Amino acid sequence: MPSNSSASRWQVIVAFACIYFLWGGSFLAIRYSLETIPTFMISGIRFTCAGLILIGLGWRSGAARPSTSEWRAAALLGFVMFFLANGALVIAEHLIPSGLAATLYATLPFWIALLGWWWQGEARPDRRMIGGLALGFAGVVLMFNPFGQGASLNPTGGLLVLFSAFSWGAGSLLSRRVPKPTSTLLASGMNLFCAGIMFLVVSAIIGEWGQVKLSAVSLKSVLSLVYLIVGSSTLAFSAYMWLMNVTTPNRVATYAYVNPVVALILGAWAGNEVLTTIEIIAAGVIIAAVIILTTARKPSPPLKQVISPTLSTEHVT
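Residues numbered from 1 in each chain as written. Predicted model: local features only at pLDDT ≥ 70, side-chain atom pairs only at ≥ 80, totals over all residues. Heavy atoms only, no water.

Examining the packing of helix α3 (residues 39-60) against helix α4 (residues 68-92)
- Running from N to C, α3 and α4 cross one another at 140°; their axes reach a closest spacing of 11 Å. With respect to their mutual orientation, α3 and α4 come out oblique. In the packing of α3 onto α4, the handedness of the crossing is right-handed. Residues T39, F40, S43, R46, F47 and I55 of α3 touch α4, and the partners they reach there are W71, F82, N86, V90 and I91.
- A per-class count over the contact of α3 with α4 returns seven nonpolar, three polar and one charged. (Axes fitted to C-alpha atoms, helices over the stretch in contact; angles between N-to-C directions. Helix = DSSP H or I, 4+ residues; strand = E, 2+ residues; numbered from the N terminus. Parallel < 35°, antiparallel > 145°, perpendicular 65-115°, else oblique. Left-handed = near helix turned anticlockwise from the far one by under 90°. Contact = heavy atoms within 4.5 Å. Nonpolar A, V, L, I, M, F, W, Y, C, P; charged D, E, K, R; others polar.)

Structure (structure tokens):
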């Protein structure tokens, strides 16, 4: 990426397109990869490969070798932000459509706001933020369809996605208190790599590797996994970090409510996912709440210190 001063308009547009569409497509890619590849194996391969790529890029840019304490911190963050968060999300996508998973995952700013105030002593939420939190909570309740009309969201899948967003938010805030390399590429690559190894170990323990037959793995699942490694966990993340240096955090944070829209459209169009009227209304309520929270003005650390991506995006996705 070019330096901050030489950033052109089209480069900014391309970078925004990456975090909007590559991360937005991650939820459907996870669903496709789950069709013929075991759950934990997907995340193990994805994060190990993406972590090695980012570590290599970090070292190539001149980053110093990390210390033992930095590796311990990376393992802790990898466990909370990726092993717990992504593990819950991937399991949830066995139970609920990818578009709804993306919408529920958009509650991440709710957890960031609440945990930042309750845990890290940030400013008490003002009326605008409280209104956004209340609206978001109402949207989540509506998504679970308490009225019992039409198809209901699988409660286990829905709760797993909410736990995923909560874990990512908690890990993001925790990352401000642990030692880490000055290179953001190296630090994030270490987190991903540690999480990837955890997933691979669990995958081996529960016997996933012995269950896999290469002849049964579809090309669609393989291409989806490649997409998650290259598109979601490497390109989109790099674009995010670059944007954090050339534009305002509030503009970058718009991915939080664009991703669910992209995921819902892709899920319905390419994934044949059917949404009920109440689910569409609930999705709109949640996205509106995220917009209110994302655009609220409050004294807090820069977003890049609070919401770490990948995952997808990749945050965790």
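Things to note about the packing of aromatic side chains
- Evaluation of the coordinates by the stated rule reveals 13 aromatic pairs.
- With a centroid separation of 5.7 Å and 50° between ring planes, the pair formed by F16 and Y20 is classed as tilted. Separated by four residues within a single helix, F16 and Y20 lie in helix α1 (residues 9-24), roughly one turn from each other.
- For the ring pair F83 and F199, a centre distance of 4.9 Å and an interplane angle of 40° mean the geometry is tilted. Taken as a pair, F83 in helix α4 and F199 in helix α9 (residues 184-205) lie far apart in primary sequence, 116 residues in all.
- When its relative accessible area of 0% is taken as the criterion, F199 is described as buried.
- Within the aromatic cluster, the residues linked to one another by ring pairs are F40, F47, F79, F82, F83, W168 and F199.
- Cation over ring: R65 sits above W59, and NZ or CZ is 5.0 Å from the ring centre. (Phe/Tyr/Trp six-rings, centres within 6.5 Å; stacked < 30°, edge-to-face > 60°. Buried < 20%, exposed > 50% of the residue type's maximum accessible area, 1.4 Å probe, protein only. Lys NZ or Arg CZ within 6 Å of the ring centre and 35° of its normal.)

Quick word on the packing of α1 against helix α13 (residues 255-269)
- As a packed pair, α1 and α13 sit with axes 8 Å apart at the nearest point and diverge in direction by 45°. One element, α1, and the other, α13, form an angle in the oblique class. Crossing hand, α1 versus α13: right-handed. Between α1, through I19, Y20, F21, W23 and G24, and α13, the contact on the second element is made entirely by Y255, V258, N259, V262, A263 and L266.

Some remarks on the side chain of N191
- Take N191: it is sitting in helix α9.
- Once you skip the residues sitting within four places of it in the chain, N191 turns out to touch A74, L77, G78 and F82.

Details of α4
- A rise of 1.5 Å per residue sets the reference length of α4, with its 25 residues, at 36 Å; its end C-alpha atoms lie 34 Å apart and thus fit the reference within 8%.
- Largest kink in α4: about 35°, centred on F79. (Expected span 1.5 Å × (residues − 1). Bend = angle between axes of the 7 residues up to and from the residue.)

Some remarks on unusual backbone geometry
- A positive phi angle is found at N272, which is not glycine, with a value near 55°.
- Inspection of the secondary structure assignment puts N272 in the loop between α13 and α14 (277-295).

Describing the pattern of salt bridges
- Tallied over the full model, the rule gives two salt bridges.
- Between E35 and K220 there is a salt bridge; the shortest N-O distance is 3.3 Å. Residue E35 is located in the loop between α2 (26-34) and α3, and its partner K220 is located in helix α11 (residues 219-246); the two are separated by 185 residues in the primary sequence.
- Using a relative accessible area of 39% as the deciding quantity, one classes K220 as partly exposed. (Salt bridge = Lys/Arg side-chain N within 4 Å of Asp/Glu carboxyl O.)

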